[in-house]
Amino acid sequence: MENKVILVLSDQLGRGDQQLGEGILETFFTLLKQKEKKPKAIFCMNRGVFTMTDESLISVHLKELESQGVEVLACKTCADYYGVTEKLSAGKISSMDKFIELSSQYEVLTLS
């Protein structure tokens, strides 16, 4: 996992029931933070930026991953679009340029 960047495109994993999808995504991050090898970064785009706010239980896991040395980044355009720039409780605002840089250096695992 240490040579990967996780791209989070939604506030749930999979299509279907929102509550189920949120639960599955939370389980993913709960297990990820327990692994010895962590990804280089987590980059949130589109509705994925909501996972970085207190509106999402996932933000707790992202904060822990951040404290373990994982970069947690939000697409600035997306955060501005959804009006969550000032509501981020985990990670920081970043740019598409940074994502392009990361994706040229590391394998990208997309969660949507």
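Use the structure listed above.
Calculation rules
- Residues numbered from 1 in each chain as written.
- Predicted model: local features only at pLDDT ≥ 70, side-chain atom pairs only at ≥ 80, totals over all residues.
- Heavy atoms only, no water.
- Helix = DSSP H or I, 4+ residues; strand = E, 2+ residues; numbered from the N terminus.
- Buried < 20%, exposed > 50% of the residue type's maximum accessible area, 1.4 Å probe, protein only.
- 1 Å grid on protein atoms, 1.4 Å probe; cavity = no way out; pocket = protein on both sides within 12 Å on 5 of 7 lines; lining within 4 Å.
- Points joined across faces, edges and corners; volume = space filled by probe spheres on them.
- Nonpolar A, V, L, I, M, F, W, Y, C, P; charged D, E, K, R; others polar.
- Core = buried A, V, L, I, M, F, W, Y, C linked by side-chain atoms within 4.5 Å.
- Contact = heavy atoms within 4.5 Å.
- Salt bridge = Lys/Arg side-chain N within 4 Å of Asp/Glu carboxyl O.
- Pairing = 2+ DSSP bridges.
- Axes fitted to C-alpha atoms, helices over the stretch in contact; angles between N-to-C directions.
- Parallel < 35°, antiparallel > 145°, perpendicular 65-115°, else oblique.
- Left-handed = near helix turned anticlockwise from the far one by under 90°.

### Here's the deal with unusual backbone geometry
Point 1. For asparagine 46, which is not glycine, the phi torsion reads 50° and is therefore positive.
Point 2. Counting through the fold element by element, asparagine 46 comes out in the loop between strand 2 (41-44) and helix 2 (58-67).
Point 3. Its relative accessible area of 39% is what places asparagine 46 among the partly exposed residues.

### Some details on the layout of surface pockets
Point 1. A volume near 170 Å³ is recorded for the largest pocket.
Point 2. When residues in the lining of the largest pocket are grouped by element, the largest group, three residues, is from helix 1 (residues 18-32).
Point 3. Grouping the amino acids of the lining of the largest pocket by side-chain chemistry returns three nonpolar, three polar and five charged.

### Quick look at the nonpolar core
Point 1. Within the largest apolar cluster, 31 residues are counted, with the highest numbers of intra-cluster contacts made by Phe29, Ile42 and Leu62.
Point 2. Contributions of two or more residues to this core are made by strand 1 (4-8), helix 1, strand 2, helix 2, strand 3 (71-75), helix 3 (76-82) and helix 4 (96-105).
Point 3. In this view, isoleucine 42 contacts Ile6, Val8, Phe29, Leu62, Leu65, Val70, Glu71, Val72 and Leu73; residues no more than four positions away in its chain are not counted.

### Quick look at the pattern of salt bridges
Point 1. The tally for this structure, following the rule as stated, stands at seven salt bridges.
Point 2. Among the salt bridges present, the one from glutamate 64 reaches lysine 33, with a minimum N-O distance of 3.1 Å. Here glutamate 64 is found in helix 2, whereas its partner lysine 33 is found in the loop between helix 1 and strand 2, with 31 residues between them in sequence.
Point 3. Close ionic contact of lysine 63 with aspartate 54 constitutes a salt bridge, the shortest N to O distance being 3.8 Å.
Point 4. Residue classification places aspartate 54 among the exposed residues on the basis of a relative accessible area of 58%.
Point 5. Bridged by salt links that share partners, the residues Glu71, Lys98 and Glu101 form one connected network.

### A short note on the environment of leucine 9
Point 1. In this structure, leucine 9 sits in the loop between strand 1 and helix 1.
Point 2. Among the residues examined, leucine 9 registers a relative accessible area of 29% and is labelled partly exposed.
Point 3. Put simply, leucine 9 and glutamate 36 are 27 residues apart on the chain and 24 Å apart in space, counted from C-alpha to C-alpha.
Point 4. Apart from the residues lying within four places of it in its own chain, the contact partners of leucine 9 are Met45, Asn46, Arg47, Gly48, Thr110, Leu111 and Ser112.

### Considering the sheet that holds strand 4 (residues 92-94)
Point 1. Taken in spatial order, the five strands of this open sheet run 4-3-2-1-5, and their pairing is parallel. Each having just a single partner strand, strand 4 and strand 5 (107-111) make up the two edges of the open sheet. Strand-to-strand, the axes of this sheet are offset by a mean angle of 30°, without reference to chain direction.
Point 2. Relative to strand 3, strand 2 is paired through four bridges, and the arrangement is parallel. Residue pairing across strands places phenylalanine 43 opposite leucine 73, the latter belonging to strand 3.

### Brief notes about the packing of helix 1 against helix 2
Point 1. For the pair helix 1 and helix 2, the least separation of the axes is 9 Å and the interaxial angle reads 20°. Judged on the interaxial angle alone, helix 2 and helix 1 are roughly parallel. As for the relative orientation of helix 1 and helix 2, their crossing is left-handed in sense. Of the residues in helix 2, those touching helix 1 at Glu22, Leu25, Glu26, Phe29, Thr30 and Leu32 are Ile58, His61, Leu62 and Leu65.

The quantities given are spatial measurements derived from coordinates; they are silent on function.
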